[in-house]
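# Breakdown of the fold
One-letter residues, chain by chain:
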Amino acid sequence: MPNVDFWSIDGSSKGQAFINKDAWNQAVIKRLWVMFQIYNGGGLVNKEIKRAGGVNNWEKAKAECRRGVTHYKWGDISNCHINYDYSIKVYKYGGQYGGVKADGKYLYW
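First, a word on scope: everything that follows refers to the structure included in this document. Bear in mind the structure is a predicted one, so any value in this text is a computation, not a measurement.

## A word on the overall build of the protein
Scanning the protein from terminus to terminus reveals five helices and two strands. Sequence-ordered secondary structure for the protein, helices as α and strands as β, is α-α-α-α-β-β-α. Over its C-alpha atoms, taken along the principal directions, the protein stretches across nearly 40 × 40 × 30 Å. In the protein, which comprises 109 residues, the proportion classed as buried is 25%. Within the protein, counting contacts between residues at least 6 apart in sequence, those at least 24 apart form 33% of the total. Put simply, the protein shows about 7,400 Å² of open surface, and 56% of that area lies on carbon and sulfur atoms. Across the protein, the centroid of the 16 positively charged side chains sits 4 Å from that of the 9 negatively charged ones.

Here you go:
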C-alpha cells in the first residue's frame, strides 16, 4: 500500500481494510468468524476446519484445535480458547454497531 499515511484515520482505516480482506481471502469457508480467527491467530483455523470435515461449524473446528498454551503470572490459558473466544467477542460486542447484512456474501456464522 504505497503512499498511505498509516498515522491518519483514513490511512489506518485503509490498512485495516487491507488486512481484513487478506484474512477473508485466506479463509477456506467464507464466513466472518473464520476471517476474525485468521486476523487474530493466523491460518491455523483453516487446518482445524479441514480436520473437522470442512464444514461451517465453530464448535467442531474448535474441537480440532491443537494449539499450545500461553503462560501468564496469574495462570495458563489455552491458545485455542484465546483465538476461538475472540470471534465470539467480536460477534457479541460488535453487534452494538449494527448487524451483518444477510446478503449471502459476508455472513458471520
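Once the structure has been displayed, the description carries forward.
## Thoughts on the state of the cysteines
Going through the model one piece at a time under the given rule, you end up with one disulfide. With its sulfur 2.0 Å from that of its partner, cysteine 65 forms a disulfide with cysteine 80. Measuring handedness by torsion sign, the sulfur bridge of cysteine 65 and cysteine 80 sits at about -90° and is left-handed. A residue pair is termed long-range when its members are at least 10 positions apart, and cysteine 65 in the loop between helix 4 (58-63) and strand 1 (69-72) and cysteine 80 in helix 5 (residues 79-94) qualify at 15 residues. Taking relative accessible area as the criterion, cysteine 80 reaches 8% and is therefore assigned buried.

Conventions adopted
Residues numbered from 1 in each chain as written. Predicted model: local features only at pLDDT ≥ 70, side-chain atom pairs only at ≥ 80, totals over all residues. Heavy atoms only, no water. Helix = DSSP H or I, 4+ residues; strand = E, 2+ residues; numbered from the N terminus. Buried < 20%, exposed > 50% of the residue type's maximum accessible area, 1.4 Å probe, protein only. Contact = heavy atoms within 4.5 Å. Areas by Shrake-Rupley, 256 points an atom, 1.4 Å probe, with all protein chains shown as cover. Lys, Arg positive; Asp, Glu negative; His and termini not counted. Charge placed at Lys NZ, Arg CZ, Asp CG, Glu CD. Disulfide = S-S within 2.5 Å.

Geometric values such as these leave the question of function open.
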